[in-house]
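Now for the letters of each chain:
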Amino acid sequence: MIESIVDDNERILWRGKPDIVLYIVGNPAIYLVAIFWGLFDLFLISDFLKDAQFLNGFIFIFFLFHLFPVWFAIIGPIFRLINYRTVEYAITDKRVYVSRGIFGRDINTLEHREITNLSVDVNFLENIRKVGTLNLFYNANVNGAFNYRVSSDANRFISIEDPYGVYKLLKKVSLDVTTDQAFPNAYRPKENTGYNTEYK
């Protein structure tokens, strides 16, 4: 899919997908919350069932909504399993792509000059599976003011292989391309040889 949306003169330098197990599992903390929440509600429901006056539609609807963390923990992995087939990340010599989506394929792009900072996070499970998450920070214009932020999964390479190598590549490419766009070769003084913006 990435090949069909890149420019004709754009080269893909790296592409990857999340670790399937960690992506589908998601944040393990939600399962702990769901277990304790579910047990608490189970005791409450059993108490209500002992008293016939509480057996009505309102109590049923109340607990249906009150068990939201449990439903979230159950539905989340199913959602991510369906979504996984469309998730793909790519770095080109012009921009960064994040592809994802349930019913269709949503593509989010960041120009190299828009990236203001990068970070790598490796949690306990990612460390075991030798993967990590690369966060792409950028300046967003919100109500006329620029806010330094990172956007959820739309600008994050989740649980990818060799996260530090990808971090190093993206940092170099972004610096080279941004510098070349700011100081084009035609206008660069002779003493400034510039950056190597051609990648093998």
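Conventions and cut-offs
- Residues numbered from 1 in each chain as written.
- Predicted model: local features only at pLDDT ≥ 70, side-chain atom pairs only at ≥ 80, totals over all residues.
- Heavy atoms only, no water.
- Helix = DSSP H or I, 4+ residues; strand = E, 2+ residues; numbered from the N terminus.
- Buried < 20%, exposed > 50% of the residue type's maximum accessible area, 1.4 Å probe, protein only.
- Contact = heavy atoms within 4.5 Å.
- Areas by Shrake-Rupley, 256 points an atom, 1.4 Å probe, with all protein chains shown as cover.
- Salt bridge = Lys/Arg side-chain N within 4 Å of Asp/Glu carboxyl O.
- Expected span 1.5 Å × (residues − 1).
- Bend = angle between axes of the 7 residues up to and from the residue.
- 1 Å grid on protein atoms, 1.4 Å probe; cavity = no way out; pocket = protein on both sides within 12 Å on 5 of 7 lines; lining within 4 Å.
- Points joined across faces, edges and corners; volume = space filled by probe spheres on them.
- Nonpolar A, V, L, I, M, F, W, Y, C, P; charged D, E, K, R; others polar.
- Patch = residues over 30% accessible without salt bridge, like charges linked within 9 Å, V, L, I, M, F, W, Y side chains within 5 Å.
- Pairing = 2+ DSSP bridges.
- Axes fitted to C-alpha atoms, helices over the stretch in contact; angles between N-to-C directions.

Under an unreviewed UniProt entry, the name given to the protein chain is Cobalamin biosynthesis protein CobD/CbiB, and the source organism is Peptoniphilus koenoeneniae.

**What to know about the overall build of the protein chain**
Scanning the protein chain for helices and strands turns up seven helices and eight strands. Put simply, the protein chain has 200 residues, and 36% of those count as buried. In the protein chain, the share of contacts with a sequence separation of at least 24, taken over all contacts with a separation of at least 6, comes to 57%. Accessible surface computed for the protein chain: about 12,800 Å², of which carbon and sulfur atoms make up 62%.

**A short note on the pattern of salt bridges**
One pass over the full model with this rule turns up seven salt bridges. Between Arg-15 and Glu-88 there is a salt bridge; the shortest N-O distance is 2.4 Å. Pair noted here: Arg-15 is in strand β1 (residues 12–16) and Glu-88 is in strand β2 (residues 88–92), with a separation of 73 residues, a long-range link. Residue classification places Arg-15 among the partly exposed residues on the basis of a relative accessible area of 33%. Taken together, the shared-partner salt bridges in this structure form one network comprising Asp-7, Glu-10, Arg-95 and Glu-111.

**Notes on helix α5 (residues 68–83)**
An ideal rise of 1.5 Å per residue puts 22 Å on 16 residues; α5 measures up with 21 Å between its terminal C-alpha atoms. Along its length, α5 reaches its greatest deviation from straightness, about 30°, at Ile-75, and the proline Pro-77 lies no more than four positions downstream. Those residues of α5 that fall on the buried side of the exposure criterion are Pro-69, Val-70, Ala-73, Gly-76, Pro-77, Arg-80 and Asn-83.

**Description of the layout of surface pockets**
A water-sized probe, rolled over the atoms, reveals where empty space remains. Counted as a void, the largest pocket has a volume near 550 Å³. Around the largest pocket sit 28 residues that line it, and Tyr-23, Gly-26, Arg-80, Asp-153 and Ile-158 are the ones nearest its centre. Those elements giving two or more residues to the lining of the largest pocket turn out to be α2 (20–25), α5, β3 (95–100), α6 (124–128), β6 (131–142) and β8 (156–161). Of the residues in the lining of the largest pocket, the class split is 12 nonpolar, nine polar and seven charged.

**Observations regarding a nonpolar patch on the surface**
A contiguous nonpolar patch, built from Ile-61, Leu-64, Phe-65, Phe-68, Trp-71, Phe-72, Ile-74, Ile-75, Ile-78, Phe-79 and Ile-82 and spanning about 1,100 Å² of accessible area, is present on the exposed surface. Of all the secondary structure elements, the ones that give two or more residues to the nonpolar patch are α4 (57–66) and α5. Its relative accessible area of 52% is what places Phe-68 among the exposed residues.

**Digging into the sheet that holds β1**
Read from one edge to the other, the open sheet built from four strands follows the order β1-β2-β3-β4, with strand pairing classed as antiparallel. Strand pairing shows two members of the sheet lacking a second neighbour, β1 and β4 (106–111), which therefore form its edges. On average, each strand axis in the sheet is tilted by 15° relative to the strand beside it, whichever way the strands run. Here four bridges tie β2 to β3, and the two strands are oriented antiparallel to one another. Considered in β3, the bridge of Ile-91 is made with Val-96.

**Focus: the environment of Val-25**
Position of Val-25 among the secondary structure elements: in helix α2. On the accessibility criterion, Val-25 (30% relative accessible area) is partly exposed. Once residues within four sequence positions are removed from consideration, Val-25 is found in contact with Tyr-31 and Arg-80.

**Re the pairing of β4**
Note that β3 and β4 share six bridges and pair antiparallel. What sits directly across from Tyr-97, in β4, is Thr-109. In textbook terms, the turn of a hairpin is the stretch between consecutive antiparallel strands, and for β3 and β4 this stretch comprises five residues, one of which, Gly-101, has a positive phi near 150°.

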